[in-house]
Amino acid sequence: MVYEVYVRSFADSDGDGDGDLKGITARLGHLRDLGVDALWLTPFYRSPLADGGYDVADYRDVDPRFGTLDDFDALVAAAHEQGLRLIVDIVPNHTSDQHAWFQEALASPPGSPARERYIFRDSPGDRPPNDWPSAFGGPAWTRLPDGQWYLHLYASEQPDLNWRNPEVRAEFESIVRFWLDRGVDGFRIDVAAGLFKDESFTDLGDRGRRVVNGPIYSRPEVHEVYRDWRRILDSYPGDRMAIGEVWTDGPEELAQYLRPDELHQVFQFDLQLAPWSAPAFRDVVTAALAAVAPTGSAPTWVLSSHDSVRHLTRYEQSGDLPGVGYARARAALLFLLALPGSAYLYQGEELGLPEVTDLPDDARRDPVWFRSEGAEKGRDGCRVPLPWSGKSEPYGFGREGTRPWLPQPERWASLSVEEQKSDPTSMLSFYRMALELRRELLPELPDELEWLESSGTMVVYGRGDLVCAVNFGENPVRLPKGRPLLTSVPLYGDLLPGNAAVWLKV
Ligand code: GLC
């Protein structure tokens, strides 16, 4: 069980409105009580925060907004003391435009070694060198006053590195070692399938961005990098690991990253993309298990992250009864936690936080919002700082009287950790119970999953003598056989209500 900490929005110890490392250290008890095994920290490195820290200006330092290297060391020590592992984000596809290398490249002429660390190209006329789009909207190329263009698959403040340059490769190996030396247990690799682009830089045309053998992602060369990183990870004491953020077209491509000398895990995002429907959930699990089966690696499950609309809100379509998203989110947790493999939780889901859909436009910070000129709202709505206590902003996120970097809704008082902690029916209590029970049952559970029933709106699967049943429909259905261990809502006699799930012992 890994818990994603979006550092800027977790806890603010110094009252500047941004969460920080000391804030996390002070709140580790929450994660221990929740019952997770590890934390994944989103980037806290020196950064102008053009993309919330995924634009790194110095990979070996902590941004002053988030603390110091000493604070980092203290956090690692405290996490380990509480039995929690710590994974950090590494961003190898691009740097910040404020990184010393890019600044040097800007000050150097075309063709210079400084420009060779990035992807600069000439192009006649006013047209970019090819038709590649930025994932955040607009073209993936920006032109400099001297006429050259540089590539950025994301914001223009995130120039893509040239991984064909050995200097880039050596630099990242040294960065990996830098954080392993400081005691991290592993890495979450950002845009892990990026890195190498096809050297011909041909137009995509109508092929789309993510085609197998396309020019942008999953070029064969990328695997050599992870083989090198794996050798480094394995050379350190303890169990160090890496998980890649890999978007692929198909299972064969995904499995390549999981070869025994490459990454330990990759994110499988299909559950996060699946609508609330019995066949959709079942199909996703079947496909995800099949994808990793030949590799021996554990499947990974994600419902929410800092990049997507919170699932509680996703499960509540217009026209649905109010509150149905909440009920479905509880049921989805039981579905998720009984599956074999690793689950990655996103901060705030344990509080049942909804997406904040009504942020004022002038509060928005996501480059997606700016680059699409407001056509896309972006990802700020899932990044609103956590409510810890109190009746109004900042809800214990920071000191009384301070303003969080994104405004918190007025209606969040009842969602705070303090409010939910002592309420046995709260989402937080439910998460704790489910995680605790999972931990107890886990040693006895076989890795294999067996589909017991999947007809209409019901999905029932078993792992040994644990059965998980989810009713995706609106009407109650008869419970499968077994003794209920945990339910997402109270049962009606032997009926499982709609939008609910149960764990049973047979
Ligand atoms: C990944 C991150 C996302 C970021 C992007 C560019 O997809 O999860 O937050 O914007 O990479 O670094």
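From a predicted model like this one, the values you see are computed outputs, not experimental measurements.

A closer look at unusual backbone geometry
- Across the junction of Glu393 and Pro394, the peptide omega takes the value 10°, indicating a cis bond.
- Looking at the secondary structure, you find Pro394 in the loop between helix 12 (367-371) and helix 13 (417-421).
- Not every positive phi belongs to a glycine, and Phe201 is a case in point at roughly 50°.
- With respect to the element layout, Phe201 can be found in the loop between strand 9 (186-189) and helix 6 (222-234).
- The phi dihedral of Ser218 falls on the positive side, at around 55°, and the residue is not glycine.
- By secondary structure assignment, the location of Ser218 is in the loop between strand 9 and helix 6.

Re the site of the ligand
- Close contacts around the ligand come from 14 residues, with Asp51, Asp190, Glu245, His306 and Asp307 the closest.
- At 2.7 Å, a side-chain N or O of Glu245 approaches an oxygen atom of the ligand.
- Residues belonging to the shell around the ligand are distributed by class as follows: four nonpolar, three polar and seven charged.

Some thoughts on the packing of aromatic side chains
- Scanning the model with the defined rule gives 32 aromatic pairs in all.
- Taking the centre distance of 4.1 Å and the plane angle of 10° together, the rings of Trp247 and Phe269 count as stacked. Placement of Trp247 in the loop between strand 10 (241-244) and helix 7 (251-257) and of Phe269 in the loop between strand 11 (265-266) and helix 8 (270-273) is noted, with a sequence separation of 22 residues between them.
- What makes Trp247 partly exposed here is its relative accessible area of 31%.
- Grouping aromatic residues by their ring pairs yields a cluster made of Trp276, Phe281, Tyr315, Phe335, Trp451, Tyr461 and Phe472.
- Between the NZ or CZ atom of Arg330 and the centre of the ring of Phe430, over which it lies, the distance is 4.3 Å.
- Its end group placed over the ring of Trp369, Arg364 keeps NZ or CZ at 5.4 Å from the ring centre.

Quick look at the domain arrangement of the protein
- Domain boundaries in the protein define domain 1 (95-162) and domain 2 (446-505).
- Taking only C-alpha atoms into account, the centre of domain 1 sits 53 Å from that of domain 2.

Section: helix 3 (residues 69-81)
- A rise of 1.5 Å per residue sets the reference length of helix 3, with its 13 residues, at 18 Å; its end C-alpha atoms lie 18 Å apart and thus fit the reference within 8%.
- Every buried residue of helix 3 is accounted for by Leu69, Asp71, Phe72, Leu75, Val76, Ala78 and Ala79.
- Of the surrounding elements, those touching the buried residues of helix 3 are helix 1 (21-26), helix 2 (28-34), strand 2 (38-41), strand 4 (58-62), strand 5 (85-90) and helix 5 (166-181).
- Positive backbone phi, approximately 80°, marks Gly83, located one or two places after helix 3.

Remarks on the sheet that holds strand 7 (residues 141-143)
- On the basis of which strands lie adjacent, the open sheet formed by three strands has the order 6-8-7 and antiparallel pairing. Pairing within the sheet leaves two strands with one partner each, and these edge strands are strand 6 (120-121) and strand 7.
- For strand 6 and strand 8 (residues 149-151), the ladder comprises two bridges, and the chain directions are antiparallel. Counterpart to Phe120 in the pairing with strand 8 is Tyr150.

Rules of the game
Residues numbered from 1 in each chain as written. Predicted model: local features only at pLDDT ≥ 70, side-chain atom pairs only at ≥ 80, totals over all residues. Heavy atoms only, no water. Helix = DSSP H or I, 4+ residues; strand = E, 2+ residues; numbered from the N terminus. Near = heavy atom within 4 Å. Polar contact = N/O pair within 3.5 Å; in protein donor to acceptor, adjacent residues only side chain to side chain. Nonpolar A, V, L, I, M, F, W, Y, C, P; charged D, E, K, R; others polar. Phe/Tyr/Trp six-rings, centres within 6.5 Å; stacked < 30°, edge-to-face > 60°. Buried < 20%, exposed > 50% of the residue type's maximum accessible area, 1.4 Å probe, protein only. Lys NZ or Arg CZ within 6 Å of the ring centre and 35° of its normal. Domains from an automatic or database assignment. Expected span 1.5 Å × (residues − 1). Contact = heavy atoms within 4.5 Å. Pairing = 2+ DSSP bridges.

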